[in-house]
Every structure is written in C-alpha cells, then in structure tokens.
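Per-entry structural report
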Amino acid sequence: MVEQLKEETTKETSTMVDHVITVRRVTKVTKGGKRFAFSALVVSGDKNGSVGIAQGKSREVSSAIAKATNRARNNLIHIPLRGTTIPYNVIGRHGASSIIMRPAYKGTGVIAGGAVRSILEALGVQDVLAKSMGASNRMNVVKAALNALAQLRSLKHIAQTRGKTVDQIVKGSHEHAR
C-alpha cells in the first residue's frame, strides 16, 4: 500500500508544471543593518484542468520558491474545460486588476500576457483569448485570472444545479411556447 502511494505521488509530480511568476526582495532595516527576505509567487498545474497558486516567503530565494511550489500543489482547484479551451466568456477581478477570457477556435493558441499565460499553460488550455485590464501588479493579475477560472462551470454541473438534463440545457425547453 505504501509503495502504491509512492508510485502515485511520483506520477503526480512528474506531470505537474510549475511557473515562477515573481520573486520579490524585501528589506528590513534593523540597528545591526539590513535583513533581506524573499517572497515568491508560483503557479502549479497538471496541464489537465487543475491549477493552483501560492506565495512562499523565506530568507533565501530557493527555499521561498520551494515553499510556494509545495503550497500551490496542495491547493489545486479543478477547472472544467471544453476540449482545448474554456467553455464560455468570463471576467475575473481582484483588487484593481481585471481579466477578460474568451474561448477560441482550435489552433488559435494562448493569446495572453505573461502572468495569465503561465496560469493558462499550467492549466492545459491551448486556445484562449485573454485581456488584462487595470492594474498590472502580477500578484493581482494572477489572482484575478484564478478568480475568472473559478467561475467556470461544466454543462453537467449547470444541468444538475437547475434540476434538468444536459439535453434540456443544450436544446432549451420550449414546451411552454406552444
């Protein structure tokens, strides 16, 4: 059983993709001099519909990135996809940053700026249009993108929420129109 668990974790980590979004140096001035610390923002995903973000802080860059990576992998959320794109248009906001994401035809590619692009690539989206507006703070842009993605629902989930079948949602129930 333990060996099986180890195999699953190694398979899981080998498919995971990590992107370091930003590394910041923070200085604390004390009477003995300056103390430097680092904070890192990391996006992790399995390229199959799951993505997570996290921040790690430490006195060294490598340990800050390692902390952030571990936290991001532990905080994965599942996002419903339709093929290689997202199911529908969505807007996400965080702070003064906002993101608009739109589904795109196969072959379009990921048309998005740096921080949003890394989230979408970690998620496994291959065709999407995204526009970042407002503040360009990378932390807020990443959180706005995750907010937008968290709003997405699958067709099956929407049908279940409304108490209808998938066919009724797709075709529309126009029984009262007659």
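Up top is the structure these notes are about.
About the cut-offs
- Residues numbered from 1 in each chain as written.
- Predicted model: local features only at pLDDT ≥ 70, side-chain atom pairs only at ≥ 80, totals over all residues.
- Heavy atoms only, no water.
- Salt bridge = Lys/Arg side-chain N within 4 Å of Asp/Glu carboxyl O.
- Helix = DSSP H or I, 4+ residues; strand = E, 2+ residues; numbered from the N terminus.
- Buried < 20%, exposed > 50% of the residue type's maximum accessible area, 1.4 Å probe, protein only.
- Pairing = 2+ DSSP bridges.

Re the pattern of salt bridges
For the structure on display, the rule yields two salt bridges. In this structure, Glu121 and Arg117 form a salt bridge, with 3.7 Å as the shortest nitrogen-oxygen distance. In this pair, Glu121 and Arg117 are both assigned in helix H3 (residues 114-123), four residues apart and thus about one turn of the helix distant. Arg117 sits in the partly exposed class, given a relative accessible area of 32%.

Structural notes on the sheet that holds strand S4 (residues 77-78)
Here four strands make up an open sheet; going across it, the order is S1-S2-S3-S4 and the pairing antiparallel. In this open sheet, the two strands that pair with only one neighbour each are strand S1 (17-30) and S4.

Things to note about the pairing of strand S5 (residues 90-94)
Examined bridge by bridge, S5 and strand S6 (residues 97-103) share five bridges and lie antiparallel to one another. The residue bridging Arg93 from the neighbouring strand is Ser98, located in S6. Linking two consecutive strands that pair antiparallel, namely S5 and S6, is a turn of two residues; a positive phi of about 60° is found at Gly95 within it.

None of this, on its own, says anything about what the molecule does.
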